[in-house]
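Structure at a glance
The chain contents come next:
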Amino acid sequence: MTSDNEQPELTLRTDGPEETRSAGRVLGWLLQPGDVVLLQGDLGAGKTTFTQGIARGAGTDEVVNSPTFILLNEYHARLTVYHADLYRLDDPDEVAALDLPGVSLDGALVVEWPERGAGLLPDDHLLVRLTYRSPEQRELAFVPRGHRSRELAARLSSALAAAAGGEG
Ligand SMILES: Nc1ncnc2c1ncn2[C@@H]1O[C@H](COP(=O)(O)OP(=O)(O)O)[C@@H](O)[C@H]1O
Ligand SMILES: [Mg+2]
């Protein structure tokens, strides 16, 4: 799960949480059952904010926040979006018990702190690295790992370009 030097398919800067949600919303439009999105970044990097956009894009009106006590939330939308936050799980057995590969079979799976689940997550996934740049600015780097996630990342690039064009 290391490989921080992998070349991203796409990077973007966001100015403020609404822009991060917008990017997530575009990804949410595209997700299909079986897609896996891993969100890597420090506390406050914007992982949950991005997930709020994903869930909205997938079509849910439910409120999305960090799964604090419940380790796995689910949002019922055009498809089911499963949202796991592994931050508090330092025991790999607890992560294994969630059976995230099994979960991803019938919905899209979004995981915060995937480092905690190394080896216990689906191999084919879209990694999103979120980096703090300034109080309002974040950088999002999208690194597809596997055939399926490469196709998703390519569709995301096109859709983000179209969405940006539509604004102007
Ligand atoms: N460009 C930005 N993208 C995302 N969040 C931002 C941005 N600028 C400021 N923020 C703020 O940073 C915080 C990100 O929190 P959160 O999404 O919960 O992070 P994480 O889940 O990575 O710990 C929120 O308070 C949000 O309003
Ligand atoms: Mg979070």
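The preceding data block contains the structure.
Running from N to C, helix α1 (residues 17–30) and helix α2 (residues 47–58) point in directions that differ by 40 degrees, and their axes come no closer than 6 Å. The angle between the axes of α1 and α2 places the two elements in the oblique class. Of the two possible hands of crossing, α1 and α2 adopt the one that is right-handed. Mapping the contact onto sequence places Pro17, Thr20, Arg21, Ser22, Ala23, Gly24, Arg25, Val26, Leu27, Gly28 and Trp29 in α1 and Thr49, Phe50, Thr51, Gln52, Gly53, Ile54, Ala55, Arg56, Gly57 and Ala58 in α2. The class makeup of the residues in the contact of α1 with α2 is nine nonpolar, nine polar and three charged.

Now for the site of ligand 1. Inspection of the region around ligand 1 gives 18 residues, with Thr20, Gly46, Lys47, Thr48 and Thr49 positioned closest. Elements with a contribution of two residues or more to the shell around ligand 1: β1 (10–15), α1, α2 and β7 (137–145). Within the shell around ligand 1, the residues separate by chemical class into three nonpolar, nine polar and six charged.

With that settled, consider the sheet that holds strand β6 (residues 125–134). Strand order in the open sheet formed by seven strands is β1-β7-β6-β2-β5-β4-β3, with mixed pairing between adjacent strands. Each edge of the open sheet carries a strand with a single partner, namely β1 and β3 (72–76). Each strand axis lies, on average, 20 degrees off the axis of its neighbour in the sheet, ignoring direction. Here β6 runs beside β7; their pairing, made up of nine bridges, is antiparallel. Within β7, the position partnered with Val128 by the bridge is Phe142. α1 rests against β1, β2 (36–40) and β7 of the sheet, and its axis sits at about 140 degrees to β1. Docked against the sheet, α2 engages β2, β3, β4 (80–85), β5 (108–112) and β6, running at close to 170 degrees with respect to β5.

Reading the values: rules and limits
Residues numbered from 1 in each chain as written. Chains lettered and ligands numbered in written order. Predicted model: local features only at pLDDT ≥ 70, side-chain atom pairs only at ≥ 80, totals over all residues. Axes fitted to C-alpha atoms, helices over the stretch in contact; angles between N-to-C directions. Helix = DSSP H or I, 4+ residues; strand = E, 2+ residues; numbered from the N terminus. Parallel < 35°, antiparallel > 145°, perpendicular 65-115°, else oblique. Left-handed = near helix turned anticlockwise from the far one by under 90°. Contact = placed C-beta atoms within 7 Å. Nonpolar A, V, L, I, M, F, W, Y, C, P; charged D, E, K, R; others polar. Near = placed C-beta within 6 Å. Pairing = 2+ DSSP bridges.

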